[in-house]
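# Coordinate analysis (summary)
One letter stands for each residue in the lines below.
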Amino acid sequence: MAEKRVGVIGFPVEHSLSPIMHNAAFAALGLRDWLYDAMSIPPDILRLGLREPMQHGYVGINVTVPHKEAIMQFVRPDDTAKAIGAVNTIDFRTGIGANTDADGLLKDLAANGVEIADARVLVLGAGGAARAAVYGLARAGATVAIVNRTMKRARRLVKQLQDTAGIRGLQVMTLDEAASWGMSLIVNCTSVGLHPHITQSPWIVGLPFPTEVTVYDMVYRPANTALMQQCVAHGGRAIGGLGMLARQGAIAFELWTGLEPPIAVMMDALRSVLENKGEAKGEG
Ligand code: ATR
């Protein structure tokens, strides 16, 4: 049986949890001919580095920091990847580049029973993770407002999504304004609170925390962030980003193998390895 290879490229990539998650899924389904590995490719040789897995017959790869945007020029991005401006999954059989972060988030929110359609959702952050989240949430029918430390960057995100995906109605506000906006869901797409800075929260201390909201924190290490603790202390519900990590990977798994991904196995694999390592957000 010919070996079927997939993997992840990044720089650095040693910290990636994707190999553990995907190889656990292959093992659980008895796919002994499938293997997922990590390839460290510096940005200045990205084009050359991409040839390596292609020439070695890889089925596809995941793409992580810092290549998600730069890789766009070497693949055929699908509509979602074009709108988000980043590719995190490639299928070499078709040459198509996809972005599974937005759907990974939406699927995990749905799995947790969080309503999105017609909900007011506050997104914290304006980087790549936020762009995927805002795109997915707006397309799912939410009214989205964005708060970011650098307001100019939030405005740029709004313009980009309007230009690339025709998304309208996005608002940029200050955290003060957001505090009384009346959202039902807050999605943290910043890296604030990430290990080892576990006491930090993107919701500034002293500003009243909204009561009875749901917080979805893309940060998954620690499993219970300072923001999640603030939320629960004010009668809300908090969900960590591990499920998004598993589900964005599961969408890629299904794309490559054509099989239903064993989500529970993938989550368990992540949970057990996170006891010792891993510092990232819920996007791959
Ligand atoms: P990613 O691609 O993972 O989203 P990024 O593009 O580096 O990563 O974005 C990180 C996000 O976290 C940004 O919204 C950033 O705010 P700025 O745009 O103002 O830089 C936010 N962030 C990081 N550190 C922060 C901090 N200490 N306080 C507030 N926001 C912070």
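Residues numbered from 1 in each chain as written. Predicted model: local features only at pLDDT ≥ 70, side-chain atom pairs only at ≥ 80, totals over all residues. Heavy atoms only, no water.

## Concerning the sheet that holds strand 10 (residues 185-188)
Overall, parallel pairing links the six strands, which are arranged 9-8-7-10-11-12 in an open sheet. Every interior strand has two partners, whereas the edge strands, strand 9 (171-172) and strand 12 (237-240), have only one. Seen against the sheet, helix 8 (residues 226-233) touches strand 7 (120-124), strand 10, strand 11 (214-217) and strand 12 and runs at an angle of roughly 160 degrees to strand 12. (Pairing = 2+ DSSP bridges. Helix = DSSP H or I, 4+ residues; strand = E, 2+ residues; numbered from the N terminus. Contact = heavy atoms within 4.5 Å. Axes fitted to C-alpha atoms, helices over the stretch in contact; angles between N-to-C directions.)

## Describing helix 4 (residues 101-111)
Each α-helix winds once per 3.6 residues, and so residues spaced three or four apart point in a common direction. Within helix 4, the full set of buried residues consists of Asp101, Ala102, Gly104, Leu105, Asp108 and Leu109. Seen from one end, helix 4 has its buried residues packed into an arc of 165 degrees, which puts them on one side. Relative to its buried face, helix 4 has exposed residues pointing more than 90 degrees away, namely Ala110 and Ala111. One or two positions beyond helix 4, positive phi appears at Gly113, with a value near 75 degrees. (Buried < 20%, exposed > 50% of the residue type's maximum accessible area, 1.4 Å probe, protein only. Arc of directions from axis to C-beta.)

## Here we look at helix 9 (residues 242-257)
Helix length check: helix 9 (16 residues) gives 22 Å between terminal C-alpha atoms against 22 Å at 1.5 Å per residue, within 8%. Among the 16 residues in helix 9, 14 count as buried, and that is most of the element. Gly258 sits one or two positions beyond helix 9 and adopts a positive phi of about 75 degrees. (Expected span 1.5 Å × (residues − 1).)

## A short note on the sheet that holds strand 1 (residues 4-10)
Reading across the sheet, the six strands line up as 2-1-3-5-6-4 and stay open at both edges, with mixed pairing between neighbours. Only two strands of the sheet have a single neighbouring strand rather than two, namely strand 2 (34-40) and strand 4 (76-77). Here strand 1 runs beside strand 2; their pairing, made up of seven bridges, is parallel. Bridged to Ile9 within strand 2 is Met39. The strands touched by helix 1 (residues 18-28) are strand 1, strand 2 and strand 3 (60-63); relative to strand 2, the strand with the most contacts, the crossing angle is about 170 degrees.

## Observations concerning the packing of helix 5 (residues 128-139) against helix 6 (residues 151-165)
Running from amino to carboxyl end, helix 5 crosses helix 6 at an angle of 55 degrees, the nearest separation of the two axes being 11 Å. By the angle between their directions, the pair helix 5 and helix 6 is classed as oblique. Note that helix 5 runs across helix 6; the crossing there is right-handed. Across from Ala130, Arg131, Val134 and Tyr135 in helix 5, the residues of helix 6 making contact are Leu157, Gln160, Leu161 and Ala165. Taken together, the residues of the contact of helix 5 with helix 6 sort by class into six nonpolar, one polar and one charged. (Parallel < 35°, antiparallel > 145°, perpendicular 65-115°, else oblique. Left-handed = near helix turned anticlockwise from the far one by under 90°. Nonpolar A, V, L, I, M, F, W, Y, C, P; charged D, E, K, R; others polar.)

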